[in-house]
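Listed below are the residues making up each chain.
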Amino acid sequence: MPITDIVLLSVAGVIILTILTLIIIANVELNAFLAPKTFAWRKSHSKPSDPPKPVGEETELRALGRQWQESSPKKEMGIKSFDGLKLHAVFYMQEQKSNKWAICVHGYTGDPESMANYGRNYYEAGYNVVLPDNRAHGKSEGRYIGMGYLDKQDILLWIKEVIKLDSTASIVLHGESMGAATIMMLTGLSLPSNVKCAVTDCGYTSVWDEFVHVRTHGLKMNIYPILPIASLFCKMRIGYFLKEASSIKQLKKSSTPTLFLHGGSDNFVPSSMLIPNYTACAAKEKDWYMFPDAAHCQSQFVNPALYWIKVWGFVNKYIK
């Protein structure tokens with residue numbers, strides 16, 4: 001065989017091997033981040049054995065949240081998602097009939113317990129509270145996390161479930177991190193008039209932007225060529241490109257009054273994403289506040305009094 005043919009075959013082999021390697025790496029990364037029930041390390045990550053040191057009043061407030069969950073009357077509910085998954089949520093109903101409702105949506109690898117302090121505050125203010133398990137979390141089915149793009153359809157179903165129970169329901173949507181992104185993406189849909197307002201805490205501008213941030217700042221790795229390949233697989237396997245899952249794109253279609261909150265020291269979903277989200281929101285009524293000393297989703301613990309002053313100052317305009 002001529003030497004040129006050998007060289008060409010060697011080059012072709014290297015190219016094919018490189019492509020296969022990139023495909024494998026992209027596949028592994030996609031599953032690692034979006035299929036948490038598949039990866040043992042991701043399961044352990046969701047409930048760290050050595051959790052970060054509590055901040056502010058976090059220990060006390062989380063204990064109060066757990067106590068509220070354990071002592072309050074509740075009902076477990078199930079619905080089917082648009083793609084056939086069994087979804088789970090816990091409903092906390094007021095003993096005296098109330099038409100005020102809060103749907104509190106947890107973040108990435110979170111659960112209803114992580115939303116207990118939010119739920120407790122709404123419940124003590126006379127709200128019925130719904131704490132869903134997002135798809136691929138807790139008791140809800142699903143292999144892949146929706147990152148807000150798929151979850152927005154799931155929360156819309158929970159909204160409709162609330163309206164079935166109470167046609168006069170006035171609903172506030174409150175989410176943190178991925179839950180905040182879920183709500184921002186949801187407000188770009190045509191929502192029932194029962195949804196009066198939304199509160200988002202530390203939400204990202206898009207899944208692509210968040211993965212870029214995690215990869216470049218957290219993992220100290222380049223985004224090319226792995227992230228575009230992973231995005232293609234995400235579309236093929238899960239149903240969306242990473243750039244397609246955009247809070248900003250959906251907010252441009254929103255008419256829902258929305259309060260945007262963020263921790264100024266947030267290094268996971270950078271605080272620089274707050275103003276782009278706020279600016280993109282097409283709703284006539286909107287507001288924002290940044291808690292300067294709070295890390296990711298820690299504002300409610302760093303300064304709980306101010307946090308709820310901001311929330312009630314906004315929400316009470318739309319739900320009496």
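Residues numbered from 1 in each chain as written. Predicted model: local features only at pLDDT ≥ 70, side-chain atom pairs only at ≥ 80, totals over all residues. Heavy atoms only, no water.

Colleague: Outline the overall build of the protein chain, supporting the account with residue identities and numerical values.
Modeller: Helix and strand counts for the protein chain come out as 12 helices and eight strands. Along the first, second and third principal axes, the C-alpha atoms of the protein chain reach 90 × 40 × 40 Å. When burial is assessed residue by residue, the protein chain has 54% of its 320 residues classed as buried. Excluding contacts between residues fewer than 6 apart, the proportion of contacts in the protein chain whose partners are at least 24 apart in sequence is 75%. A total of about 14700 Å² of accessible surface is found on the protein chain, and carbon and sulfur atoms cover 60% of it. A distance of 6 Å separates the average location of the 34 positive side-chain charges in the protein chain from that of its 28 negative side-chain charges. (Helix = DSSP H or I, 4+ residues; strand = E, 2+ residues; numbered from the N terminus. Buried < 20%, exposed > 50% of the residue type's maximum accessible area, 1.4 Å probe, protein only. Contact = heavy atoms within 4.5 Å. Areas by Shrake-Rupley, 256 points an atom, 1.4 Å probe, with all protein chains shown as cover. Lys, Arg positive; Asp, Glu negative; His and termini not counted. Charge placed at Lys NZ, Arg CZ, Asp CG, Glu CD.)

Colleague: Can you lay out the sheet that holds strand β6 (residues 195–201) for me, pointing to particular residues and giving the numbers?
Modeller: Read across the open sheet, the eight strands follow the order β1-β2-β4-β3-β5-β6-β7-β8; overall the sheet is mixed. Strands with a single pairing partner mark the edges of an open sheet, and in this sheet they are β1 (75–80) and β8 (286–291). For this sheet, the mean angle separating the axes of adjacent strands, direction not counted, is 20°. Inspection of the sheet shows strand β2 (residues 86–92) paired to strand β4 (residues 128–133) by five bridges, in the antiparallel sense. Bridge pairing in β4 places Tyr 92 opposite Val 129. Taken strand by strand, helix α5 (residues 151–165) contacts β1, β2, β3 (100–105), β4, β5 (170–176) and β6, and its axis lies near 120° from that of β1. Running at roughly 135° to β5, helix α6 (residues 178–186) makes contact with β3, β5, β6 and β7 (258–263) of the sheet. (Pairing = 2+ DSSP bridges. Axes fitted to C-alpha atoms, helices over the stretch in contact; angles between N-to-C directions.)

Colleague: Tell me about the packing of helix α3 (residues 58–71) against helix α4 (residues 116–124), and name the residues and values.
Modeller: Look at α3 against α4: their axes get within 8 Å of each other, and the N-to-C directions meet at 65°. Comparing their axes, α4 and α3 come out roughly perpendicular. Crossing angle aside, the handedness with which α3 passes α4 is left-handed. Contacts from Leu 61, Leu 64, Gly 65, Arg 66, Trp 68 and Gln 69 in α3 reach Ala 116, Asn 117, Gly 119, Arg 120 and Tyr 123 in α4. In the contact of α3 with α4, the residues fall into five nonpolar, four polar and two charged. (Parallel < 35°, antiparallel > 145°, perpendicular 65-115°, else oblique. Left-handed = near helix turned anticlockwise from the far one by under 90°. Nonpolar A, V, L, I, M, F, W, Y, C, P; charged D, E, K, R; others polar.)

Colleague: Can you explain the nonpolar core? Please cite residues and give values.
Modeller: Grouped together as the largest cluster of nonpolar side chains are 31 residues, with contacts concentrated most on Leu 34, Met 147, Tyr 204, Val 207, Tyr 240 and Leu 242. Looking at this core, the elements with two or more residues in it are α1 (3–34), α6, α7 (207–218) and α8 (226–237). If you tally residues by element for this core, the top one is α8, at five residues. Those residues in contact with Met 147 that lie beyond four places of it in its chain are Leu 34, Tyr 108, Met 178, Met 185, Tyr 204, Val 207, Phe 211 and Tyr 240. Membership of the second largest hydrophobic core comes to 27 residues, among which are Leu 261, Val 311, Val 315 and Tyr 318. (Core = buried A, V, L, I, M, F, W, Y, C linked by side-chain atoms within 4.5 Å.)

Colleague: Break down a nonpolar patch on the surface for me, citing the residues and quoting the values.
Modeller: Taken together, the side chains of Ile 15, Ile 16, Ile 19, Leu 20 and Ile 23 present a nonpolar region at the surface, about 430 Å² in accessible area. Structurally, Ile 23 is set in helix α1. Judged by relative accessible area, Ile 23 falls into the partly exposed class, the value being 31%. (Patch = residues over 30% accessible without salt bridge, like charges linked within 9 Å, V, L, I, M, F, W, Y side chains within 5 Å. Salt bridge = Lys/Arg side-chain N within 4 Å of Asp/Glu carboxyl O.)

Colleague: Account for the confidence of the model for the protein chain, with residues named and values stated.
Modeller: Averaged over every residue, the pLDDT of the protein chain is 91; residues scoring 70 or more account for 92%. Note that residues 40–49 has pLDDT below 50 and, in this model, 11 contacts with residues that lie over four places away or in other chains. (pLDDT = per-residue confidence, 0-100.)

Colleague: Please provide a residue-by-residue account of the packing of aromatic side chains, values included.
Modeller: Going through the model one piece at a time under the given rule, you end up with 17 aromatic pairs. Judged by centre distance (5.5 Å) and plane angle (70°), the rings of Tyr 307 and Trp 308 are edge-to-face. Each member of the pair Tyr 307 and Trp 308 is classed as buried. Connected via pairs of aromatic rings, a cluster forms that spans Tyr 118, Tyr 122, Tyr 127, Tyr 289, Phe 291, Tyr 307, Trp 308 and Trp 312. Sitting above the plane of the Tyr 149 ring, Lys 152 keeps its charged end 3.7 Å from the centroid. (Phe/Tyr/Trp six-rings, centres within 6.5 Å; stacked < 30°, edge-to-face > 60°. Lys NZ or Arg CZ within 6 Å of the ring centre and 35° of its normal.)

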